[in-house]
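Coordinates in review
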Amino acid sequence: MKYNNAVAKKTFVIIKKIYNGGDLNKSALAAFRESPSVISHHAQQIWPILLKELSKDMLSTNGEPSAAERAIFTAIKLYAIYQKGEDRFVCSDYSESKEKAESKEEKKQRYGIPLFYAFANLKADEQIEEALDRRVQSLLSSPVITSVVNSMTQLVRILKSKDSTQVIDFPRIAQDLYDFQQSYYRANEVHLYWAEQYFSKNNVVKETEEKNND
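First things first, this report covers the structure right here in the doc. (Residues numbered from 1 in each chain as written. Predicted model: local features only at pLDDT ≥ 70, side-chain atom pairs only at ≥ 80, totals over all residues. Heavy atoms only, no water.)

Some remarks on the packing of aromatic side chains
For any pair of aromatic rings, the description consists of the separation of the ring centres together with the inter-plane angle of the planes. Applying the stated criterion across every chain yields a total of 10 aromatic pairs. Taking the centre distance of 4.8 Å and the plane angle of 85° together, the rings of Y198 and F199 count as edge-to-face. Each member of the aromatic cluster is reached from another via a ring pair, and the members are F12, Y19, Y79, Y82, F89 and F170. Its guanidinium or amino end placed over the ring of Y198, K123 lies 4.2 Å from that ring's centre, counting from NZ or CZ. (Phe/Tyr/Trp six-rings, centres within 6.5 Å; stacked < 30°, edge-to-face > 60°. Lys NZ or Arg CZ within 6 Å of the ring centre and 35° of its normal.)

Some words on helix 4 (residues 67-83)
With 17 residues, helix 4 extends 24 Å between its outermost C-alpha atoms, agreeing within 8% with the 24 Å of an ideal straight helix rising 1.5 Å per residue. Counting buried positions along helix 4 gives 15 out of 17 residues, so the element sits mostly inside the fold. (Helix = DSSP H or I, 4+ residues; strand = E, 2+ residues; numbered from the N terminus. Expected span 1.5 Å × (residues − 1). Buried < 20%, exposed > 50% of the residue type's maximum accessible area, 1.4 Å probe, protein only.)

Some details on the pattern of salt bridges
The tally for this structure, following the rule as stated, stands at 7 salt bridges. Put simply, E53 and K17 hold a salt bridge, and the shortest N to O gap is 2.5 Å. Of this pair, E53 sits in the loop between helix 3 (47-51) and helix 4 while K17 sits in helix 1 (residues 6-19); the two residues are 36 residues apart in sequence, bridging distant segments of the chain. Of the charged contacts in the structure, one is a salt bridge between D179 and R186, with a shortest N-O distance of 3.3 Å. Summarising the burial analysis for this pair, D179 and R186 share the class buried. A single salt-bridge network, built from bridges that share partners, covers E86, R88 and K160. (Salt bridge = Lys/Arg side-chain N within 4 Å of Asp/Glu carboxyl O.)

Brief notes about helix 1
Over its 14 residues, helix 1 extends 20 Å from the first C-alpha to the last, a length consistent with the 20 Å expected when each residue adds 1.5 Å. Residues V7, A8, T11, F12, I14, I15, I18 and Y19 constitute the buried set of helix 1. Burial along helix 1 is one-sided: seen end-on, the buried residues are contained in an arc of 170°. Where helix 1 is buried, its residues meet helix 2 (26-34), helix 3, helix 4 and helix 9 (170-180). (Arc of directions from axis to C-beta. Contact = heavy atoms within 4.5 Å.)

With respect to the packing of helix 4 against helix 9
Two elements in contact, helix 4 and helix 9, have axes separated by 8 Å at closest approach and are oriented at 150°. Here helix 4 lies roughly antiparallel to helix 9, going by the angle between them. Of the two elements, helix 4 crosses helix 9, and the hand of that crossing is right-handed. Residues A67, A68, A71, I72, T74, A75, L78, Y79 and Y82 of helix 4 form the contact with helix 9, whose participating residues are F170, I173, A174, L177 and Y178. Looking at the contact of helix 4 with helix 9 residue by residue, the class counts come to 13 nonpolar, 1 polar and no charged. (Axes fitted to C-alpha atoms, helices over the stretch in contact; angles between N-to-C directions. Parallel < 35°, antiparallel > 145°, perpendicular 65-115°, else oblique. Left-handed = near helix turned anticlockwise from the far one by under 90°. Nonpolar A, V, L, I, M, F, W, Y, C, P; charged D, E, K, R; others polar.)

Some words on unusual backbone geometry
Positive phi outside glycine occurs at N20, with the angle close to 55°. Its location among the elements puts N20 in the loop between helix 1 and helix 2.

Overview of the environment of I15
Along the chain, I15 turns up in helix 1. Judged by its relative accessible area of 0%, I15 is buried. When the C-alpha positions of I15 and A75 are compared, they lie 9.3 Å apart, and in sequence the two are 60 residues distant. Aside from chain neighbours lying at most four places away, what touches I15 is I76, Y79, F89, C91 and F170.

Structure (structure tokens):
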């Protein structure tokens, strides 16, 4: 799937400012977590943080949230849920210094893993595997963005409760959600991309090989 990462980059800029080098903007994180949507009353306090960074073509023209606004808000909300209680940065790093030589651990921190790969890692717990599969399959069958966002939020809350050690590519989720809203065909492409992350056995093999090589 072709990947234009303009929305992802904007999302990372905002997340990085909220993280603030470890001096977290806790009020902003709480507002993102507690706001059901970008137009909810509680979200108004984070509008300056969010809207200041968006380019003109990403903004709404009539007060109805644009695809970019909805996608970026949602990704940051998911990040805020996962960052809660953590001092370390739990989001992949989209800084411009990717060209320098890095160790394996530095690369893990910089790039993180896709969100649905993180969900797939939870299937190591056989007690929740079946229920997790049902939730993911329900999300993958929905063509409606609000339903997808609600399901994804529930899954991230489960992920947070079961495993908060992973570094996750939240900016990429913003880009995926933006693409999802472009057309029915694009939504199906995004569904397939997520399904490949979640169901592919190659992900499990890769993770096992990395652990064995440490």
